[in-house]
Amino acid sequence: MSAFDSGAGPVRDRFDVAVVGSGIVGLGAAYAAVRRGLRVVVVDRTDRPVGASIRNFGHLCIGAQDGPAGTYGEASRAIWLRLAADAGFWARESGTLVVARADDELALLDEAAQAQAGEGIRLLTAAEIVALAPVQPDVARGGAHVLGDLQVNPREAAGAIVRHLASLGVEFRYRTAVTAVGTGVVRTTRGDIAAADVVVAVNHDLDQLLPELAERAGVIRCALDMMRVSADLPRPLSAPLLTGWSLVRYRRFAELRSATPLRERLHAERPELAALDLNQMYTQLPDGTLLLGDSHHKAVQPGPFQPEAAFEAFLAEAKGLFDVRSIRVLERWQGVYAAAGSEFLVEEVAPRVLALAATTGIGMTTGLGLAELETSRVFGWDARGSASGSGSADAHTSAIAGGIGTSATVGGIAQEENA
């Protein structure tokens, strides 16, 4: 039985590309398509991006990645800068600062700098890191500047990209749930949409739309706590700031020999912070407020309750690090993103139906590049060189697919990408 004689009603529209999800990965797929002259529709159950694409630090930590994440991150960097200029949102080429507060943290930074032959990481003295970040002088033993990293304001970037894509002709259909996808068709609560190519970018809600794929890939959710504060700092924070807790998380540092003794020392000295799975890091928004965090808790569906101990720890650690007289909490929130055994999910779940997700907390860093490179590779957009024509979807009306080689209709509510 074809998708169109299943009793669901007539096809509403025909597009070259339909994107499910309006988070960073979905927006990246739409941007890649519209630049190639394709007619694009983006479908999302919300009325704007509201997930982890806006609930993060706005830190594009490209220099701390390697492997596929490094490749996607480098591709993302150029796209972020182009979009910032064209869509008119704030972005700065600040790099990333790392403050070292112990000898083992200095040793790890030195090993990382040597591993990169001095490229990409510049070691800093204690005086230099204090000049670049308002940390207490007696706390810093030294530090580093990771070159090439970017910072954006996550509260404005995604919305600005949506407006820019709409100006380029991308159609957005918000408050519309996707219940199934298949070759040539996206089934929604407002009718079927025909499209030659379909991109599913719903991040952790993959288990609602394509549950078998999510289970096979081991996709669960990671919930994190964050907060925004007004801090009486003596001078601005010139770049995102990482600590030793960050170094043992990011792969380019965490897989080095010096990371093991550092991790063991941190966990032994501060088991309560280790229990929070802490990434102690900071970014400063253009209005001067600081973003603090973050903790991590993984489950198929993490509970909504946020322990106050996490927020108390964030504040205590900030007061112990910064040269600050007062901190006033402005906002607290929970973010959620997909987590799995690998960093990315890239799978053609049916002919010309591509599921994409960053399955770790680096979606802002890598998502635009992931979408750009993988859509072009799987769909052959660059090889085709031009739009296939909105009527081309007629040839792609096979059964709704729940995975490779299946023909079952898959239920679920698609929502914004959350990494």
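Figured I'd write up the structure that's included with this text.

Attention now moves to the overall build of the protein. When helices and strands are tallied, the protein shows 14 helices and 20 strands. Expressed as a percentage of the 419 residues in the protein, the buried residues total 58%. Here the contacts in the protein between residues at least 6 apart in sequence split such that 78% fall between residues at least 24 apart.

Trp-80, Leu-241, Phe-253 and Phe-322 are the most contacted members of the largest nonpolar core, which totals 110 residues. It is helix H1 (residues 24–34) that contributes the most residues to this core, nine residues altogether. Filtering out sequence-adjacent residues up to four positions away, Phe-322 remains in contact with Pro-134, Val-135, Gln-136, Leu-233, Leu-241, Tyr-282 and Leu-290. Counting residues in hydrophobic clusters, the runner-up holds 26 residues, among them Val-186, Leu-210, Val-219 and Ala-338.

Spatial ordering of the open sheet is given by S3-S8-S4, a layout of three strands whose pairing is antiparallel. On the outer flanks of this sheet lie strand S3 (59–60) and strand S4 (91–92), each paired with one strand and no other. Bridge count between S3 and strand S8 (residues 150–152): two bridges; the pairing is antiparallel. Within S8, the residue paired with Leu-60 across the bridge is Leu-150. This element, helix H2 (residues 67–87), spans S3, S4 and S8 of the sheet and lies at about 40° to S8.

Okay, H1 next. Helical geometry note: an α-helix holds 3.6 residues per turn, so side chains three or four residues apart project in the same direction. For H1, the tally of buried residues reaches 11 of 11 residues, placing the bulk of the element in the interior. Listed as buried for H1 are Ile-24, Val-25, Gly-26, Leu-27, Gly-28, Ala-29, Ala-30, Tyr-31, Ala-32, Ala-33 and Val-34.

Another aspect to go through is the side chain of Thr-375. Along the chain, Thr-375 turns up in helix H13 (residues 363–379). Within the structure, the side chain of Thr-375 is placed 3.4 Å from the backbone oxygen of Glu-372, a separation counted as a polar contact. The contact partners of Thr-375, leaving out residues within four places of it in the chain, are Ala-29, Ala-32, Val-199, Leu-354, Leu-356, Leu-370, Gly-380 and Trp-381.

The rules we used
Residues numbered from 1 in each chain as written. Predicted model: local features only at pLDDT ≥ 70, side-chain atom pairs only at ≥ 80, totals over all residues. Heavy atoms only, no water. Helix = DSSP H or I, 4+ residues; strand = E, 2+ residues; numbered from the N terminus. Buried < 20%, exposed > 50% of the residue type's maximum accessible area, 1.4 Å probe, protein only. Contact = heavy atoms within 4.5 Å. Core = buried A, V, L, I, M, F, W, Y, C linked by side-chain atoms within 4.5 Å. Pairing = 2+ DSSP bridges. Axes fitted to C-alpha atoms, helices over the stretch in contact; angles between N-to-C directions. Polar contact = N/O pair within 3.5 Å; in protein donor to acceptor, adjacent residues only side chain to side chain.

Interpretation note: all reported values are geometric properties and have no functional meaning in isolation.
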